[in-house]
Every structure is written in structure tokens, then in C-alpha cells.
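Per-entry structural report
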Amino acid sequence: MLWEVSLWVYVAYEKLQMNKRSFLKLIFSTTSLLFFSTFSLFASGHKRSGKGRGRGRSKKNKEGRGKPKREEFIGTPYQGKMYDAHAHITSKVSIKTYIEAYKNSTFDKAGLFTKSIKSKSLEKIKNKLGKNFFFFVDLHKREKSNYQFVKSRAKSLNMAKQKNLVHGVGELYYNLSFAPFAPQGIKTNYKSKSEIGILEKAAELKLPVFIHDEKFYEHQDLLDIVKKIPNLKVVLAHLGYIKSPRKVDKLLTNNKQIYTDLSLVTNSRFGPFKRKGLIIKRVPSKKWIEILEKHDDRILVGSDIGADVQRVKRLTKVANDYRILLSHLKKSSAEKIAYKNFEKLFSI
Ligand SMILES: [Zn+2]
């Protein structure tokens with residue numbers, strides 16, 4: 001390229017018979033142009049690789065941004081039984097895909113949130129999935145961000161419970177900022193008569209309730225409602241998005257009806273904390289180990305798969321990450337969190 005430019009400059013000088021001053025001007029502008037184009041070429045190339053897009057990205061970029069760093073782990077992962085207490089089943093993913101995913105993962109059993117609530121439909125799904133799956137149902141009808149309590153679903157719940165087809169209620173969306181199924185988020189007035197009615201119904205049927213509330217820690221009024229329903233057990237999904245171990249400790253110490261699951265907040269494979277930063281890592285801090293062991297009677301593991309097929313395909317990795325996390329706890333605590341609490345809470 002440099003050679004071509006020089007030739008062009010020489011030809012121009014010869015042909016136009018420029019004076020010395022114009023010739024120097026031409027040289028200056030050509031060099032500036034050359035410098036500018038080279039610089040912008042570098043700049044754009046750098047930007048592209050930084051975002052991690054494009055086909056020709058290098059190995060270094062693939063391992064860089066966009067993928068969270070996982071802590072080194074040398075040791076033996078937790079080897080015992082493990083049940084998934086938080087997963088969704090949707091019509092977008094085939095039953096076969098779920099069966100395959102669980103077969104390949106190291107989860108032995110799972111609790112699934114399902115849209116169906118009628119006994120007939122639940123029986124049909126149960127027959128396909130087999131005995132290792134349990135259902136959690138919601139009394140709301142959900143269509144994107146529209147989330148409404150439906151009275152007839154309460155009747156269906158009674159029937160399904162009688163036939164031992166349901167083991168929990170939820171996931172109730174009280175405060176959801178974003179989900180693949182509801183990009184606008186969901187906000188529910190949990191103080192309304194119908195919402196309190198759902199909690200009372202669940203307590204009456206001895207079914208634990210999963211609540212998704214990203215601002216749970218700020219809601220003393222919700223804790224007061226829970227306290228007024230003595231037999232109610234609440235599973236605060238995703239650790240309520242609470243970042244501080246001290247706050248989790250305080251919540252669980254002062255509210256014996258509250259249980260929690262570790263889905264999403266420990267997940268480096270998908271979900272909001274993949275990029276935001278994990279609340280509890282595979283190799284947890286001393287403080288988190290202390291809290292997990294202290295409250296080992298009321299903590300569960302969960303994958304939160306189901307929103308789409310991509311999440312379902314990552315189930316094995318999520319399971320393996322939990323096994324690493326659990327290996328840092330004393331055996332008795334690891335076993336409770338992995339499966340014993342599940343058996344007790346959902347009476348299986
Ligand atoms: Zn959730």
C-alpha cells in the first residue's frame with residue numbers, strides 16, 4: 001500500500017509539475033489520511049473483539065468477557081443424593097427433553113412448577129415423567145406480565161391435592177423485575193384479599209408456597225402476613241435476591257416459617273446473576289458457609305430450568321456446580337440442603 005501511494009505521489013508531481021510547497025502539502029495530507037485509516041481500523045477491530053461478537057474472535061476473547069470466571073476446584077464434589085426444588089415445565093420444551101436432561105444430570109428427583117392445575121392434565125404429565133417428579137401449581141393465570149388470581153383454580157387445587165398430585169404452590173410472583181416469559185416484569189399486591197386467600201388455602205392444604213420477591217427483605221408487612229397464618233411455610237425463591245449473608249441470617253433466625261432456595265443466586269450458567277455477579281459462589285466464602293450450615297434445615301437447591309430449552313440443556317452443569325458448593329459444607333448440612341429438606345417439606 002505504501003508503495004502504491006508513493007508511486008501516485010510521484011506521478012502527480014511529474015504530471016502536474018507542482019511547485020515544492022504544493023508537493024509538501026500533498027505529502028502531508030496523504031500521510032495523515034494513511035495514519036487516520038490505520039488507526040480507525042485498529043480501533044474498530046478492538047471494539048469488536050471486546051464485545052465478544054464476530055466469527056473470527058480469538059480463543060483469548062472467548063474465555064474473556066461474557067463468560068463468568070469459575071473458581072478453581074480441586075477436591076471431591078458432594079456424592080450423595082440431590083433433588084432439584086425449583087424447576088419449571090413449559091409447553092415450549094418437550095417432555096422428552098426434560099426427561100433426557102434429568103437423566104443426564106445428577107439430580108435424582110425434581111419439583112416442577114407447572115401451568116396445568118387440573119388433575120387430568122397433571123396425571124397425564126406425571127405418567128410421562130415418572131415417579132421422580134412432583135408438581136407445584138399456581139392459582140394465578142399468567143400471560144406475559146398479566147398475572148391474575150383465578151377462583152376456579154382453587155377448586156382444581158383441592159382436587160389435585162386429594163389425588164396427591166401437588167406438593168407445593170407457586171411460584172407466586174410478587175416482585176419480578178424480568179423473566180424470559182415476562183420482560184416487563186410482574187408486581188402483585190400481596191396485601192389484597194385474594195392473595196392472602198391463596199396463602200391461607202395453601203396452609204390449610206399443608207402445601208408450602210414459593211414466593212418470588214426480589215425486594216422481600218424490605219417487606220415487613222409481608223412477613224407480618226405470613227406470621228398470621230401459623231401453619232404456612234414459605235420458600236423464598238432465589239434467596240430473595242438478598243446479597244448480604246448477615247441479612248439472610250437475620251431473616252431466617254427471626255422467621256421460622258421461611259425457607260429458601262439457592263436457585264439463580266448461585267448460577268453462573270444462566271440467569272441474572274451470571275452477569276451481575278453470583279451471590280454465593282461454587283467455592284463459597286467462610287461467611288456463607290457459616291450461614292448455610294447454621295440454617296441447613298431450611299435451605300434447598302434449585303436449578304430454575306424450564307423457561308427455554310437453552311436453560312434445560314445446562315441442567316447437568318448446574319447440578320455439578322451445586323455438588324462443588326455442597327462439598328464445602330459438613331456432610332450433615334450438605335445432605336439436608338441437597339435432599340433431606342425436600343423430602344420433609346414436600347412430604348415425599
Ligand atoms: Zn423465580
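Residues numbered from 1 in each chain as written. Predicted model: local features only at pLDDT ≥ 70, side-chain atom pairs only at ≥ 80, totals over all residues.

**Digging into the overall build of the protein chain**
As a reminder of what qualifies: Helix numbers and strand numbers start at the N terminus; a helix is a DSSP run of H or I with at least 4 residues, a strand a run of E with at least 2. In this scheme the burial state of a residue depends on its C-beta neighbours within 10 Å: 20 or more other such atoms mean buried, 12 or fewer mean exposed, and anything in between means partly exposed; the C-beta positions come from the backbone.
Counting its secondary structure elements, the protein chain contains 14 helices and 11 strands. Looking at the protein chain residue by residue over its 348 residues, the buried ones come to 36%.

**Some remarks on helix α4 (residues 95-104)**
The periodicity of an α-helix, 3.6 residues per turn, causes residues three or four places apart in sequence to face the same way. To be explicit about the condition: This arc describes the spread of directions from the helix axis toward the C-beta atoms. In this description, any two residues whose backbone-derived C-beta atoms lie within 7 Å of each other are considered to be in contact.
Within the sequence span of α4, burial applies to Tyr98, Ala101 and Tyr102. Seen end-on, α4 carries its buried residues on one side only, within an arc spanning 95 degrees. For α4, the exposed residues lying more than 90 degrees away from the buried face are Lys96, Lys103 and Asn104. Along its buried surface, α4 packs onto β1 (83-89), β2 (109-114), α12 (309-313) and α13 (315-326).

**Focus on the pairing of strand β10 (residues 258-261)**
Basically, it comes down to this: The criterion for strand pairing is that DSSP finds at least two bridges linking the strands in question.
Burial of β10 is two-sided: the residues Ile258 and Thr260 facing one way and the residues Tyr259 and Asp261 facing the other way are all buried. Where strand β9 (residues 234-236) lies against β10, 3 bridges are found, and the strand directions are parallel. Bridging across to β10, Val234 finds its partner in Ile258. With 2 bridges connecting them, β10 and strand β11 (residues 299-300) associate as parallel partners. Residue pairing for β11: Thr260 is matched across the bridge by Ile299.

**Concerning the packing of helix α9 (residues 245-254) against helix α11 (residues 286-294)**
Rules: With axes taken as lines fitted to C-alpha atoms, and helix axes fitted only over the stretch in contact, angles between N-to-C directions fall between 0 and 180 degrees. Between 65 and 115 degrees an angle is taken as roughly perpendicular, under 35 as roughly parallel, over 145 as roughly antiparallel, and anywhere else as oblique. In this scheme the crossing of two helices becomes right-handed for a clockwise turn of the near helix relative to the far one and left-handed for an anticlockwise turn of less than a right angle. When residue character is reported, Ala, Val, Leu, Ile, Met, Phe, Trp, Tyr, Cys and Pro are called nonpolar, Asp, Glu, Lys and Arg charged, and the others, Gly included, polar.
Packing of α9 against α11 brings their axes to within 10 Å, and their N-to-C directions diverge by 10 degrees. Comparing the axis directions of α9 and α11 gives the class roughly parallel. For the crossing formed where α9 meets α11, the hand is left-handed. Taking contact as the criterion, the partners of Pro245, Val248 and Asp249 in α9 are, on α11, Lys287, Trp288, Ile291 and Lys294. Split by residue class, the contact of α9 with α11 holds 4 nonpolar, no polar and 3 charged.

**Some details on the environment of Ile258**
As for its position among the elements, Ile258 is in strand β10. For Ile258, a count of 21 C-beta atoms within 10 Å translates into the label buried. With 26 residues separating them along the chain, Ile258 and Leu232 place their C-alpha atoms 8.9 Å apart. In this view, Ile258 contacts Val234, Leu236, Leu251, Leu252 and Arg298; residues no more than four positions away in its chain are not counted.

**Some thoughts on the pairing of strand β5 (residues 146-149)**
Relative to β5, strand β4 (residues 140-143) is paired through 4 bridges, and the arrangement is antiparallel. Bridge assignment links Glu143 to a residue of β5, and that residue is Asn146. Between the antiparallel neighbours β4 and β5 lie 2 residues, among them Lys144 with a positive phi of about 55 degrees.

**Here we look at the environment of Leu264**
Within the secondary structure, Leu264 sits in the loop between β10 and α10 (273-276). Along the sequence, Leu264 and Gly302 sit 38 residues apart, while their C-alpha atoms lie 8.0 Å from each other. In this structure Leu264 touches His238, Gly271, Pro272, Phe273 and Asp304, once residues within four positions along its chain are discounted.

**Describing the confidence of the model for the protein chain**
For the record, the criterion: The predictor reports its confidence for every residue as pLDDT, a score running from 0 up to 100.
When pLDDT is averaged along the protein chain, the result is 85; 80% of the residues meet or exceed 70. Contacts from residues 9-13, a stretch scored under 50 in pLDDT, to residues over four places away or in other chains number 6 contacts. Here residues 26-64 is modelled with pLDDT under 50, and outside its nearest four sequence neighbours on either side it reaches 17 contacts, counting other chains as well.

**A closer look at unusual backbone geometry**
That bond from Gly170 to Glu171 is cis: its omega, 0 degrees, falls within 30 degrees of zero. Positionally, Glu171 belongs in strand β6 (residues 168-176). Although it is not a glycine, Asn164 adopts a positive phi angle of roughly 60 degrees. Considering the arrangement of structural elements, one finds Asn164 in the loop between α6 (151-162) and β6. The backbone phi angle of Leu264 is positive, close to 65 degrees, even though this residue is not glycine.

**Thoughts on the environment of Glu100**
By the element assignment, Glu100 lies in helix α4. Between the C-alpha atom of Glu100 and that of Lys313, which follows or precedes it by 213 residues, the distance is 9.3 Å.

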